[in-house]
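# Inside the fold
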Amino acid sequence: FSSRVRLGRGAGCAGGGMVVLDARANEGRALLQMLDELRRSSQGSAGITVSVLAAADHDGLCASRILTTLLQRSGVKYAVCPVTGNAEITVHLRQLCEDSEVRSVVLLNCGAAVDLEKQLRECGAPPEVRCFVVDAHRPLLLANLEPRNRQVVVIDDDPLADDDACVVRPPIGEDDEDTGGAASGGDSEDDKENHWEPDSRGGMEGRERKRSRALERQERLERKRQRIHEYYQLSYFATPVAVSLFKMAKQVSAPSQDLLWIAAVSLTAYYDLGLVAKVEYERVVWEELKEALDRHDDFGSLDDGGSSAPDRASQPSEAEGELSQRPALSTLQGRRHGRLRFESDPGVLALTLYKHWTLEESMMHSSYFYGTLELHRDKGQRAMKNFFATAGVSPADFRQLYSGVSLPVRRSLQEKFREHGRTYGLVDSRMFLEQFVRDLAPGEEQNSLFLHDLSCTDAVHIITALLSSVPPSLSSAHVESLPQTSDGRIDTVAVHEREREAMVENFWRAFDAVLCKDPATLREGIAEAIDVAKAVQSLARVIKDSKAMHGNKLFRWCKIEQPSHIFRHHIAVRRLAVWLLHVLFAYRPKGEGPEKPLLVIVRDHVRDTYLCVGSTPTTRPELDEFGNRFRSALRTDGSLKFRYDFFDKSCIEIAADDFDRFWEIMIDSAA
């Protein structure tokens, strides 16, 4: 992966010996400990000392944006490598034995499910190399928390771990659980076996005590196994990594609006993709982000602060990774550009990309309005038109791009929705979302996009569309052009490599787009986001009309045999799953039964597999049991061919020939 990294530079503090650092204790000093260690380990080296492995998802790219900015300011040279699965982490660790300069590996939103200490040992990595894991995926692999680890440090920022009733992590490294009291200073079992009892009665009592101790020890071991089993049953997400690193940035210096915006985009993506509940989103956005904006209301962007944003170079420059300088864009000039504001009471209209689309199309592709008004029915279509008429929005206004809507309508749009929405069953808490909005430059090129501001939700649609983009050349419509083996079959290994390269390139496109400063990238992102929204709504309607939704007492599922190539990526499939949960159950006036977890199964004709993505109801997204169900199915039938390398454990890929056996196990487990 050395040719697919971004290199940066920026100069040199103390290392710690703890295995798990609690980012929620001591005002987040654990995060500063990590940064200090990265600085300290870079001293005395002219090469790249920090390797950043970032998950190729929204949080991985946002976190890498923040971390590389801080490393650059500290004068630490780094290399960023996007990773798409756990196997790539192992491949990268193997390369450490060939690179004597790298002293620290930072894993952003990945790595928590890999036994890193074991991998470092087996890969022959230098003993001085340390891995710092900042991963929002839960549960953590308990092996990474072992006190005996010397090269792995986990930064833990988990609000649920503060509540013992929610998450109880099994004790790590407690010898008394395994030794039956040896650690407490009592005699060992061997000592008791060799102890001579002078009379038979005493011998009988000794044997009885021995049996009793053995039974107690067995019960303790069983309790420990049960606690470990319960710990691994549920999957959820802790604090977004980008938000954790933003807290670190606040401790280093007054944060820039760019870093605040990046953290807000990452948090909003978790909510938009159904990974965190609204109550948790609102808690973090107010306590961690809005408070920072209030404290530093006049802070500037990265550009204003005199520090350029991290850039990519496919090869190290003469300065070995010093940031290349891209031409300045005239559209980025002006004090107002990039200015942030927080929209609350009521917030921003929850209409998908409505300022970059028509109001009618945006409402048709927004899950709350689509589900509540039942826009899949003629009755719902009439209700939408009546709503616009009642609110005083003419067809000429709601059927053209927002930029062409008359100025009085644009200025009063929110009030119109608040005033007239109640009549149609629409409530403020769902119609609006409190979030950050970024003002964009009034330059000529920017105005050609009619972009005057951009909400976090808009940015999330753009970023996730870019991340999940699948090149047409990798679709089932171009099978003849795909790599083939000598017997004429699709070369799945070569195809997988092409897909990985495409996802890495997607990462860099999204990396450049997240600050929303490049008009060309924004234009591409908006177009792709609209395509994804249309594909999701269209396929969901097919699923409903064909009655493809099924269920049992524990979860629902739907299976799609002929999907668009857009759904070859798990992020797009997750968008579909969240949309279905919203429009059929959560927001529909008379939902099709109670909310249950939903598993969306999509056929991939290129890989000859089925991609399965699980999603949980919006009220309790942290109670995801699909990861545990998948692992149970794989243990039940060890002959299944599968790929379970996703960082998100509610996603799995099963070979088409084995899917029926896999599905039979899944259904039997829910009986």
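Residues numbered from 1 in each chain as written. Predicted model: local features only at pLDDT ≥ 70, side-chain atom pairs only at ≥ 80, totals over all residues. Heavy atoms only, no water.

Across its full length, the chain holds 23 helices and 18 strands. Carbon and sulfur atoms form 49% of the exposed surface of the chain, whose accessible area is close to 28,800 Å². (Helix = DSSP H or I, 4+ residues; strand = E, 2+ residues; numbered from the N terminus. Areas by Shrake-Rupley, 256 points an atom, 1.4 Å probe, with all protein chains shown as cover.)

Turning to the sheet that holds strand E17 (residues 642-643), a few remarks are in order. Taken in spatial order, the six strands make up an open sheet running E13-E14-E15-E16-E18-E17, and their pairing is mixed. Two strands in the sheet have a free side with no partner beyond their single neighbour: strand E13 (549-551) and E17. Sheet topology places strand E14 (residues 556-560) next to strand E15 (residues 598-604); five bridges connect them, and they run parallel. Considered in E15, the bridge of Lys559 is made with Ile601. Running at roughly 50° to strand E16 (residues 609-615), helix H21 (residues 570-586) makes contact with E13, E14, E15, E16 and strand E18 (651-655) of the sheet. (Pairing = 2+ DSSP bridges. Contact = heavy atoms within 4.5 Å. Axes fitted to C-alpha atoms, helices over the stretch in contact; angles between N-to-C directions.)

Locating Ala263 in the fold gives a position in helix H9 (residues 257-272). Owing to a relative accessible area of 0%, Ala263 belongs among the buried residues under this scheme. As a C-alpha pair, Ala263 and Lys247 span 16 residues in sequence and 9.4 Å in three-dimensional space. Residue contacts for Ala263: discarding those within four places in its chain leaves Ile66, Ala242, Val243, Phe246 and Leu289. (Buried < 20%, exposed > 50% of the residue type's maximum accessible area, 1.4 Å probe, protein only.)

Let us look at the packing of aromatic side chains. Throughout the structure, instances matching the rule amount to 27 aromatic pairs. Arranged with centres 5.5 Å apart and planes meeting at 70°, the rings of Tyr368 and Phe369 form a pair that is edge-to-face. When the ring centre of Tyr644 is taken as origin, the NZ or CZ atom of Lys649, which lies over that ring, is 4.6 Å away. (Phe/Tyr/Trp six-rings, centres within 6.5 Å; stacked < 30°, edge-to-face > 60°. Lys NZ or Arg CZ within 6 Å of the ring centre and 35° of its normal.)

Attention shifts here to the nonpolar core. Met363, Phe417, Phe436, Phe567, Leu576, Leu580 and Val600 are the most contacted members of the largest nonpolar core, which has 142 residues in total. Of all hydrophobic cores here, the second largest spans 27 residues; its members include Leu107, Val114, Cys131 and Phe647. (Core = buried A, V, L, I, M, F, W, Y, C linked by side-chain atoms within 4.5 Å.)

Sheet architecture is open: three strands sit in the order E10-E11-E12, paired in antiparallel fashion. Looking along the sheet, the strands with just one partner apiece sit at the ends: strand E10 (340-349) and strand E12 (453-455). Averaged over all pairs of adjacent strands, the angle between their axes in this sheet comes to 30°, without regard to strand direction. Of the strand pairs in this sheet, strand E11 (residues 432-439) and E12 are connected by three bridges, and their pairing is antiparallel. Within the sheet, the bridge partner assigned to Val437 lies in E12 and is Ser455. Where helix H10 (residues 278-295) meets the sheet, it contacts E10 and E11, and its direction lies at approximately 35° from that of E11.

Our next topic: unusual backbone geometry. Arg138 connects to Pro139 through a cis peptide bond whose omega is 10°. In this fold, Pro139 is placed in the loop between strand E7 (137-138) and strand E8 (152-156). The omega torsion of the bond from Asp345 to Pro346 falls at 10°, within 30 degrees of zero and hence cis. Residue position: Pro346 is located in strand E10. Phi is positive for Asn109, close to 55°, though the residue is something other than glycine. Mapped onto the elements, Asn109 comes out in the loop between strand E5 (104-108) and helix H4 (116-123). A positive phi angle, near 55°, is found at Glu374, a position not held by glycine. Relative to the helices and strands, Glu374 is located in the loop between helix H12 (367-372) and helix H13 (378-391).

Burial in helix H3 (residues 86-94) covers these residues: Asn86, Glu88, Ile89, Thr90, His92 and Leu93. Buried residues along H3 sit against strand E3 (50-55), strand E4 (78-83), E5, H4, strand E6 (130-134) and helix H19 (492-513).

Of note, Lys247 is situated in helix H8 (residues 241-252). When near neighbours in sequence (up to four residues on either side) are disregarded, Lys247 contacts Arg24, Leu31, Asp157 and Glu288.

Our next topic: the state of the cysteines. Counted by the stated rule, this structure contains zero disulfides. We note that Cys651 lacks a disulfide partner, and the nearest cysteine sulfur, in Cys612, lies 9.4 Å from it. (Disulfide = S-S within 2.5 Å.)

Quick look at the environment of Gln226 now. Within the fold, Gln226 resides in helix H7 (residues 200-233). Distance in space between the C-alpha atoms of Gln226 and Pro170 is 9.4 Å, their sequence separation being 56 residues.

Okay, empty space enclosed by the protein next. By volume, the largest cavity amounts to about 80 Å³. Around the largest cavity, the lining residues are Tyr370, Gly371, Glu374, His376, Ala540, Arg541, Lys544, Trp579, Val583, Leu584 and Arg588. Split by residue class, the lining of the largest cavity holds five nonpolar, two polar and four charged. (1 Å grid on protein atoms, 1.4 Å probe; cavity = no way out; pocket = protein on both sides within 12 Å on 5 of 7 lines; lining within 4 Å. Points joined across faces, edges and corners; volume = space filled by probe spheres on them. Nonpolar A, V, L, I, M, F, W, Y, C, P; charged D, E, K, R; others polar.)

Right, let's talk about the pattern of salt bridges for a bit. Oppositely charged side chains can pair when the atoms bearing their charge come close. In the structure shown here, the tally under the stated rule is 44 salt bridges. Among the salt bridges present, the one from Glu222 reaches Arg225, with a minimum N-O distance of 3.0 Å. Residue Glu222 and its partner Arg225 are located together in helix H7, separated by three residues, close to a single helical turn. Taking relative accessible area as the criterion, Glu222 reaches 41% and is therefore assigned partly exposed. With a shortest N-O distance of 2.6 Å, Arg575 and Asp272 are connected by a salt bridge. Highlighted residues: Arg575 in helix H21 and Asp272 in helix H9, separated in sequence by 303 residues. Here the salt bridges share partners, and the residues they tie into one network are Glu499, Arg568, Asp604, Arg607, Arg643 and Glu653. (Salt bridge = Lys/Arg side-chain N within 4 Å of Asp/Glu carboxyl O.)

Take the pairing of E18 next. Most of E18 sits out of view: five of its five residues are buried. Alternating positions in E18 separate into two faces, Cys651, Glu653 and Ala655 on one and Ile652 and Ile654 on the other, with burial throughout. Of the pairings in the sheet, the one linking E16 to E18 comprises five bridges and is antiparallel in character. Following the sheet pairing, Val613 is matched in E18 by Cys651. Both E17 and E18 contribute to a ladder of two bridges, which runs antiparallel. The partner of Arg643 across the bridge, within E18, is Glu653.

Moving on: the packing of helix H2 (residues 58-74) against H19. At a minimum axis distance of 10 Å, the contact between H2 and H19 shows a crossing angle of 60°. Judged on the interaxial angle alone, H19 and H2 are oblique. Handedness of the H2/H19 crossing: right-handed. Facing Gly60, Leu61, Ser64, Arg65 and Thr68 of H2, the residues of H19 in contact are Phe507, Ala510, Phe511 and Asp512. For the contact of H2 with H19, a count of residues per class yields four nonpolar, three polar and two charged. (Parallel < 35°, antiparallel > 145°, perpendicular 65-115°, else oblique. Left-handed = near helix turned anticlockwise from the far one by under 90°.)

Let us look at the pairing of E15. Among the seven residues of E15, seven are classified as buried, and the element is accordingly described as predominantly covered. Burial along E15 is two-sided: the face carrying Leu598, Val600, Val602 and Asp604 and the face carrying Leu599, Ile601 and Arg603 are both buried. For E15 and E16, the ladder comprises seven bridges, and the chain directions are antiparallel. Bridge pairing links Leu598 to Ser615 in E16. Hairpin geometry of E15 and E16 is characterised by an intervening segment of four residues between the two adjacent antiparallel strands and by a positive phi of about 55° at Asp608.

By themselves, these are just geometric observations and shouldn't be taken as functional.
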